[in-house]
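# Structure assessment
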Amino acid sequence: METKQVKAYGTSDATQPLREMTINRRTVQSHDVEMKILYCGICHSDLHQIKNDFGGTTFPIVPGHEIVGRVTHIGTHVTNFKVGDLAAVGCIVDSCKECDSCREGLEQFCDQFPTFSFNSQDKYLGGVTFGGFSETYVCEDKYVLHVPENLDLAAAAPLLCAGITVYSPLKHWNAGPGKKVGVLGIGGLGHLAIKIAKSMGAEITVFTTSASKVEDAKRLGADHAVLSTDAEHMKKYLGKLNFIIDTVSAKHDINSYLKLLKHDGTLILVGLPPEPLEVGAFNIIMGRKSFSGSNIGGIAETQEMLNFCALHEITADIELIKVQQINEALKRLEKGDVKYRFVIDMESLKM
């Protein structure tokens, strides 16, 4: 297959900083869409993969799966996009299309495992896929999304992962009027969970270990904000919540939050702690509570989420950076020093 070289930012080793490199993209096939990348968000899972926290990283790696761009070329069989359209690519860029999950629009649970936008087996070129910290992206049209015109493009980029990661469980567990929803952690995922759940009509209580974020939670739309180190304040919420979205990507004690659930309540993990979490048996059997997980969303649901966010004028709170600032941004992300998502202006790759 013919390829063309494009600029990207990546690394060849978990101990090395990201740097400019050259990668190959496939030429556009009959069902492909090629886009010039305008903006790409930096997700905490990018950092996990760069550091090989889960042990599955193949180097060299070019991260990035919150990709917004403009279509520059389409294949001969593509009918749902045209050159010049705004488009986006999230986490999933291929799947088997045949298993029950794929047929139900749940490509994230593909029996043969989905192909992710980076660090997955590249079925076309061999090796692994390279992500959105680059000039262009080429993807089958089935996995490309339309970006509503009224969204700020840079601030919309984090919706492609952070947005769908919280939208999917909020929808699945029926967040809405009459439901009391807890959000654990105010970061890239948590701040969007507040905005989306509030727009769905739920009553939102945020739990944070950072005193500075208590007031900010209310700015974002939370009805209540709790400093989780305040034991007396935490007691007020015992048995009060229908479900909790847990966005924390570090080891933490979930048992103190399971106690906040009503009977039949659910704590839903969407963060990716690299270490196992311990669950006390009595914290779930008393009250018939559940500890569940959720992972991004399918392609149709991701488009639904983008449309929902456009309708309710929801985007991420971002800090826009140049690609040359990426290593500094990753260090700050590891410390939690960002409100609330770094997004790269990929035009800076030309500098």
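In this report, the structure presented in the accompanying data block is examined.

Rules of the game
Residues numbered from 1 in each chain as written. Predicted model: local features only at pLDDT ≥ 70, side-chain atom pairs only at ≥ 80, totals over all residues. Heavy atoms only, no water. Helix = DSSP H or I, 4+ residues; strand = E, 2+ residues; numbered from the N terminus. Rg over C-alpha atoms; globule rule 2.2 N^0.38 Å. Buried < 20%, exposed > 50% of the residue type's maximum accessible area, 1.4 Å probe, protein only. Contact = heavy atoms within 4.5 Å. Areas by Shrake-Rupley, 256 points an atom, 1.4 Å probe, with all protein chains shown as cover. Lys, Arg positive; Asp, Glu negative; His and termini not counted. Charge placed at Lys NZ, Arg CZ, Asp CG, Glu CD. Salt bridge = Lys/Arg side-chain N within 4 Å of Asp/Glu carboxyl O. 1 Å grid on protein atoms, 1.4 Å probe; cavity = no way out; pocket = protein on both sides within 12 Å on 5 of 7 lines; lining within 4 Å. Points joined across faces, edges and corners; volume = space filled by probe spheres on them. Nonpolar A, V, L, I, M, F, W, Y, C, P; charged D, E, K, R; others polar. Phe/Tyr/Trp six-rings, centres within 6.5 Å; stacked < 30°, edge-to-face > 60°. Lys NZ or Arg CZ within 6 Å of the ring centre and 35° of its normal. Patch = residues over 30% accessible without salt bridge, like charges linked within 9 Å, V, L, I, M, F, W, Y side chains within 5 Å.

Looking only at helices and strands, one finds eleven helices and 17 strands in the protein chain. Its C-alpha radius of gyration of 20 Å places the protein chain within 12% of the 20 Å reference for a compact globule of 351 residues. The principal-axis extent of the C-alpha atoms belonging to the protein chain is close to 60 × 40 × 35 Å. Every one of the 351 residues in the protein chain was classed for burial, and the buried ones make up 56%. In the protein chain, 67% of the contacts between residues at least 6 apart in sequence involve partners at least 24 apart. For the protein chain, the computed accessible surface area is about 15100 Å², with 50% contributed by carbon and sulfur atoms. With 36 positive and 42 negative side-chain charges, the protein chain shows a separation of 5 Å between the mean positions of the two kinds.

In the structure shown here, the tally under the stated rule is 20 salt bridges. Of the charged contacts, one joins Lys198 and Asp223 as a salt bridge, the two residues approaching to 2.7 Å between their closest N and O atoms. Here Lys198 is found in helix H5 (residues 188–200), whereas its partner Asp223 is found in the loop between helix H6 (212–220) and strand E12 (224–227), with 25 residues between them in sequence. The partly exposed category is assigned to Asp223, whose relative accessible area is 32%. When the shortest N-O distance is used, the salt bridge between Lys235 and Glu232 registers 3.4 Å. A residue pair is termed a helical-turn pair when its members lie 3 or 4 positions apart in one helix, as Lys235 and Glu232 do in helix H7 (residues 231–235) at three residues.

Now for empty space enclosed by the protein. As enumerated under the stated definition, the model contains one cavity of 30 Å³ or more in all. There is about 70 Å³ of room inside the largest cavity. Every residue lining the largest cavity is listed: Gly90, Cys91, Ile92, Leu145, Leu160, Ile164, Ile296, Gly297, Gly298, Ile299 and Thr302. Among the residues making up the lining of the largest cavity, the classes are represented as seven nonpolar, four polar and no charged.

Another point: the packing of aromatic side chains. Tallied over the full model, the rule gives four aromatic pairs. Here the aromatic rings of Phe207 and Tyr237 are separated by 6.0 Å at their centres, their planes lie at 85°, and the arrangement is edge-to-face. Taken as a pair, Phe207 in strand E11 (residues 203–208) and Tyr237 in the loop between H7 and strand E13 (241–246) lie far apart in primary sequence, 30 residues in all. For Tyr237, a relative accessible area of 13% corresponds to the buried category. Ring geometry for Phe207 and Tyr257: centres 5.9 Å apart, planes at 70°, overall edge-to-face. In this pair, Phe207 sits in strand E11 while Tyr257 sits in helix H8 (residues 255–258), placing the two residues 50 residues apart along the sequence. The two residues Phe207 and Tyr257 agree in class, both being buried. The structure contains a cluster of three or more aromatic residues connected by ring pairs, namely Phe207, Tyr237 and Tyr257. Positioned above the aromatic ring of Tyr124 is the side chain of Arg26, whose terminal nitrogen or guanidinium carbon lies 3.6 Å from the ring centre. The lysine or arginine in question, Lys142, covers the ring of Tyr143, its NZ or CZ lying 5.8 Å from the ring centre.

A word on the layout of surface pockets. Of the voids in this model, the second largest pocket is the one considered here, and its volume is about 270 Å³. For the second largest pocket, the lining is made up of 20 residues, of which Arg26, Asp122, Thr129, Tyr137 and Val138 are closest to its centre. Tallying contributions element by element places strand E8 (residues 136–140) first for the lining of the second largest pocket, with four residues. Residue classes in the lining of the second largest pocket are distributed as eight nonpolar, six polar and six charged.

A contiguous nonpolar surface patch, about 270 Å² in accessible area, is contributed by Met1, Tyr124 and Leu125. Examined against the element boundaries, Leu125 turns out to sit in the loop between strand E7 (115–116) and E8.

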